[in-house]
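Examination of the molecular architecture
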Amino acid sequence: MKRLVAIVEDEAAIRDNYAAAFTREGYAVRSYANRAQAMSAFAARLPDLAVIDISLQDEPEGGYELCRQLRALSAELPIIFLTARDSEIDAVSGLRLGADDFLTKDLSLPHLIARVNALFRRVDALRKPAAGAGELIRRGPLTLDAERMQAQWDGQVVLLSLTEFWMVHALARHPGHVRSRQQLMDAANVVLDDNTITSHVKRIRRKFQAVDPQFDAVQTVYGMGYRWVE
Amino acid sequence: MSLRLKLLLLGLATLVLPWAGCNYAREMESALRAGEQTSLQAVSQTIAASLQGRTDLLYHEAPLAADPQADAAPPDAVAALAPAAGPYDLKPIALATAPPLDGYSEDWPRDPSAWAYFRKDAHHRFGILSGVYERMLYVLLEVHDEHPLFDAPGTNTLDPATFGDRVWIGFADPQGQEQQLFLAATGPGAVTARRIETGEYGQRTAVLEPRVHGAWQSTHDGYRIELRVPLSMLGSRFGVLVDDRDARGAVPVSYGTLRSDDLHTLGRLIVADPALGSYLTQFLQPGLKLAVSTPDGRVLARADALAQSTTLGTEAPLLARLYRRFVDRPGERQLLESDAPIYDRDHAAVIGQLEVTQTAGRWVRLRDQALTRMLNFTVSTSLVAVVVMFAFAAWLALRLERLRRASESALTRAGIETRFPETEARDELGDVARAFATLLARLNEYTGYLRTLAGKLAHEIRTPLTIVRSSLDNLDAEQVPESARAYLARARQGSERLNAILLAMGAATRVEEAIGSAERVDFDLVPVLSSALGAYRSAFPQRRFLGELPAGPVMLHGAPDLIVQMLDKLIDNAADFSPADGAITVRLLLAAQAAVIEVDNPGPPLPPQLAGRLFESLWQSRADGDSRPHFGLGLYIVRLIAEFHGGAAAAGNLADGSGVRISVRLAR
């Protein structure tokens, strides 16, 4: 049975393009132009994954509300936020709406589909009880589960978005090596400007520091990028 | 010319008041003068009327009845007596002083017209000059004589054999009787007249007439006699006869103004009665001069009090004298004159002329008083006007200066200062200030709009671009003929470029947002810079980078990410404007309270007009043909980050002109 991807996007052309791409990729697609349509449909049947635009027709932040309602219906449902502006990522992330990823709309379709695929993989992995541990990366207190796309620090789960996880993964795989911003973007399958990457890194640090205030493993190498130090 | 000076000049225009005052004073003076002239005319006519018919006073003669000729003569003949002067008439001038009786002419006035000349022939001629001083008639006689001859000394003056040159004087006494005296001298010196008296028995004796005396002096061509005769002796007629002898006792050549046979006078003595002077004196007032003259203009008598000052002193106050200097026209006569004819008793003929002269003192004083008051008033008015205008101009200039300064400093680094002085003022200057304030407010809105335009535009374009790009992504997955792939690739290239443009356009907005959410930490600037330098060396392999960093740590409180981002922009800029393999120097200097980052790059110097605008938003001076999108935001971002760190950015040319230095001060 095909997985059902819901697209909530008020711009018809974008919506249809996304729908066509997901359909081509073998997903079933339902697309909605506003929150009311989406919610009534979700009430009947939950999708397997939702891609939600933040501004929906006459509701500039209708996406937030939709996300909250959707999360209330299902705790595991993967949700991807699409924003028009980079800076909105900060706002969305800051809201802690329980979304799994935050993306800008200029992300290319193949990248988007890669993320959707990844998120489905994670869902599958989480459903499989205690899968093979070969995919684990351990760096001191850090444990990265690439299959479930989950990070742990001192055994505590650190909730990272997909982008954040891929960045941490890229950094921690080769500790001490400097990863440039471009490398981080490639790893995360995103195209972002420097300031957005900086704020992503800041947010990663903050999330780890929430678990361990002494966390200082992500170092800035000014002018070059970042590196993981143990 | 400054506003102050202009208004000062305008204030000086009020000096037209004193000027008009001076003119008015002159007019007033003319009117006063005319009035004075009229009254003087009345005075002179009154005095002249009182002298009407007083030929006795005017011409020192007995009442007309005493003159036998006048008896018979018709009235106009009497009238002819005075004006129609005969050739033998003697007209004494009025003497200022009594000449000493010494026989010399130097003490007499030099007045050739006063001389009367009589001649018989080329060898026999004399000149006579007569004058009156007080009650004396003075006579100066210059006789041309090729053979001057004195009487033989020590002999009987009546012995004809002893006679030398002699001079006869004939006159009518106050009673009208003809009298004769003669002058004879045995040598130069004093001489006294003698009268020939016939005794009871017919014997003749020469009797001295001590009242008539003088001096006899020889001259180079004859002799000179100076003589004094009391007017009291004289009537209306007077004459002189010269007996010229070439040898003692010879028959003389007689000529002169006496008949040579009986020594009867031929001419009259036209001289005023001594009483005329005192008569005139009674009309005299200080500052007045009275003069009576014959109809042909010879002065008979005068009474002069011109020099006497009028009752109020002429010593005017200094200010008044200063004013007078402006008002008086040079050469203007300070005297008033008035003439009145003196008629004979029947008012038929003019027997004399009265001249009354008055000094200007009286009306000048009046004028000075009025003038002083008026000029004091107008000059002080002008002064006040000038001071007030100057003060007003200064105040106005001050306000304009404030406006000017405000308008010059309105465009600040931080934006446009829309507050403006003087907007509360209710006058036109206030209107200007309000208009300025409105203009600046609109300009502020406009620049604010411009500043956000890029960000807004980027946002608005992003959605259609997303449509294009996602459509292209979908098209990639479709069955597209190979021939169309090229177009697809181009479309993708174009959309990528559009995306890059959007990123560049939104850069400033993102930096502003980043600054807004930036957290300040304490960090050492030196490793940050050296680390960044290392990155630039690999990022720009065609440029050389020189770091001049201090050995010790340089602690800063700020956002190192932003500092690096700022440095990125500076290095971008330096690399863009420097030639390949140019050496870019990054220098960190420590100043008081500040750390200064300097980035030097070789390359073309900055045009001078650019210096202040380099760090403004949307300003750029890049050459065309650069494929990367630029919106003049790089150095604006530098400025934003510098200001976030409490500092400022400045650009200038290197001292040797080989390149450009951009320096950023960061507060420590």
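Here the structure is a predicted model, which means the values were calculated and not measured. (Residues numbered from 1 in each chain as written. Chains lettered and ligands numbered in written order. Predicted model: local features only at pLDDT ≥ 70, side-chain atom pairs only at ≥ 80, totals over all residues.)

Of regular secondary structure, chain A possesses eight helices and twelve strands. Scored against the burial criterion, the 230 residues of chain A give a buried share of 45%. (Helix = DSSP H or I, 4+ residues; strand = E, 2+ residues; numbered from the N terminus. Buried ≥ 20, exposed ≤ 12 C-beta atoms within 10 Å, placed from the backbone.)

This paragraph deals with the sheet that holds strand β10 (residues 179-180) of chain A. Residue and element names in this part refer to chain A. What the three strands build is an open sheet, ordered β10-β12-β11; its pairing is antiparallel. One side of each edge strand has no neighbouring strand; the edge strands of this open sheet are β10 and β11 (218-221). Direction of pairing for β10 relative to strand β12 (residues 225-228): antiparallel, over a ladder of two bridges. Each residue of the ladder has a partner; that of arginine 179, found in β12, is tyrosine 226. (Pairing = 2+ DSSP bridges.)

Turning next to the pairing of strand β7 (residues 189-198) of chain B. Residue and element names in this part refer to chain B. Pairing of β7 with strand β8 (residues 204-219), which is carried by ten bridges, proceeds in the antiparallel orientation. The residue of β8 that forms the bridge with valine 191 is glycine 214. In sequence, β7 turns back onto β8 through a hairpin of five residues, with glycine 202 there showing a positive phi of about 85°.

Our focus in this paragraph is the pairing of strand β15 (residues 350-359) of chain B. Residue and element names in this part refer to chain B. Of all ten residues making up β15, seven are buried, and the element is well covered by its neighbours. Two elements, strand β12 (residues 288-293) and β15, share six bridges in a ladder whose sense is antiparallel. When the sheet's bridge partners are listed, serine 293 is paired in β15 with glutamine 353. Summarising the sheet, strand β14 (residues 335-343) and β15 pair through nine bridges and their orientation is antiparallel. Within the sheet, the bridge partner assigned to tyrosine 343 lies in β15 and is valine 350. With antiparallel pairing between neighbouring strands as the criterion, β14 and β15 make up a hairpin whose turn holds six residues, including histidine 347 at a positive phi of roughly 60°.

A pair of packed helices can be characterised by two numbers: the angle between their axes and the separation between those axes. All names here are of chain B. Where helix α9 (residues 428-477) meets helix α10 (residues 482-505), the closest approach of the two axes is 9 Å, and the angle between their N-to-C directions is 155°. Taken together, the axes of α9 and α10 are roughly antiparallel relative to one another. Two packed elements cross with a definite hand, and for α9 against α10 that hand is left-handed. Note on element contacts: α10 touches α9 through Leu488, Ala491, Arg492, Ser495, Leu498, Asn499, Leu502 and Met505, opposite Ala454, Leu457, Ala458, Ile461, Arg462, Leu465, Val468, Arg469, Leu472 and Leu475. (Axes fitted to C-alpha atoms, helices over the stretch in contact; angles between N-to-C directions. Parallel < 35°, antiparallel > 145°, perpendicular 65-115°, else oblique. Left-handed = near helix turned anticlockwise from the far one by under 90°. Contact = placed C-beta atoms within 7 Å.)

This paragraph deals with the interface of chain A and chain B. The parts lose accessible area when they come together, and the size of an interface is often stated as this lost area. Across the boundary between the two partners, chain A contributes 26 residues, which contact 29 residues of chain B. Elements with a minimum of two residues in the side of chain A that touches chain B: α1 (12-24), α4 (87-95), α5 (109-127) and α8 (194-211) of chain A. The greatest single-element share of the side of chain A that touches chain B, amounting to seven residues, is contributed by α1 of chain A.

A separate point is the sheet that holds strand β19 (residues 544-548) of chain B. All names here are of chain B. Read across the sheet, five strands follow the order β19-β21-β22-β24-β23 without closing on themselves; strand pairing throughout is mixed. Bordering the open sheet on either side are β19 and β23 (648-653), each of which pairs with just one other strand. Along the sheet, successive strands turn relative to each other by an average axial angle of 15°, direction set aside. In terms of strand pairing, strand β22 (residues 594-602) meets strand β24 (residues 659-667) through nine bridges, oriented antiparallel. From the neighbouring strand, proline 602 faces β24, where its bridge partner is glycine 659. Across the sheet, helix α12 (residues 525-539) is in contact with β19, β21 (583-591) and β22; its angle to β19 comes to roughly 170°. Set on the sheet, helix α13 (residues 560-577) makes contact with β21, β22 and β24; between it and β22 the angle comes to about 20°.

This part covers helix α6 (residues 274-281) of chain B. Along α6 of chain B, the positions that sit buried rather than exposed are Leu276, Gly277, Tyr279 and Leu280 of chain B. Seen end-on, α6 of chain B carries its buried residues on one side only, within an arc spanning 165°. (Arc of directions from axis to C-beta.)

So, about the packing of helix α11 (residues 507-517) of chain B against helix α14 (residues 634-644) of chain B. Residues and elements named next belong to chain B. Relative to each other, α11 and α14 sit at 10°, their axes nearing to 10 Å. In terms of their interaxial angle, α11 and α14 are classed as roughly parallel. Each of Ala507, Ala508, Val511, Glu512 and Ile515 in α11 lies in contact with α14, whose residues at this interface are Tyr636, Ile637, Leu640, Ile641 and Phe644. In terms of residue class, the contact of α11 with α14 is built from nine nonpolar, no polar and one charged. (Nonpolar A, V, L, I, M, F, W, Y, C, P; charged D, E, K, R; others polar.)

As a further point, take the nonpolar core. Residues and elements named next belong to chain A. Membership of the largest hydrophobic core comes to 60 residues, with the highest contact counts inside it found for Val5, Val8, Ile52, Phe81 and Val168. It is helix α6 (residues 162-173) that contributes the most residues to this core, seven residues altogether. Looking at this core, you find at least three residues from each of domain 1 (4-127) and domain 2 (133-228). The residues touching isoleucine 52, leaving out its near neighbours within four places in the chain, are Val8, Gly63, Leu66, Cys67, Ile79, Phe81 and Leu82. (Core = buried A, V, L, I, M, F, W, Y, C linked by C-beta atoms within 7 Å. Domains from an automatic or database assignment.)

Relative to the 26 Å expected for 18 residues at 1.5 Å per residue, α8 of chain A spans 26 Å between its end C-alpha atoms, a close match to the ideal helical length. Those residues of α8 of chain A that fall on the buried side of the exposure criterion are Asn195, Thr196, Ile197, Thr198, Ser199, His200, Val201, Ile204 and Phe208 of chain A. (Expected span 1.5 Å × (residues − 1).)

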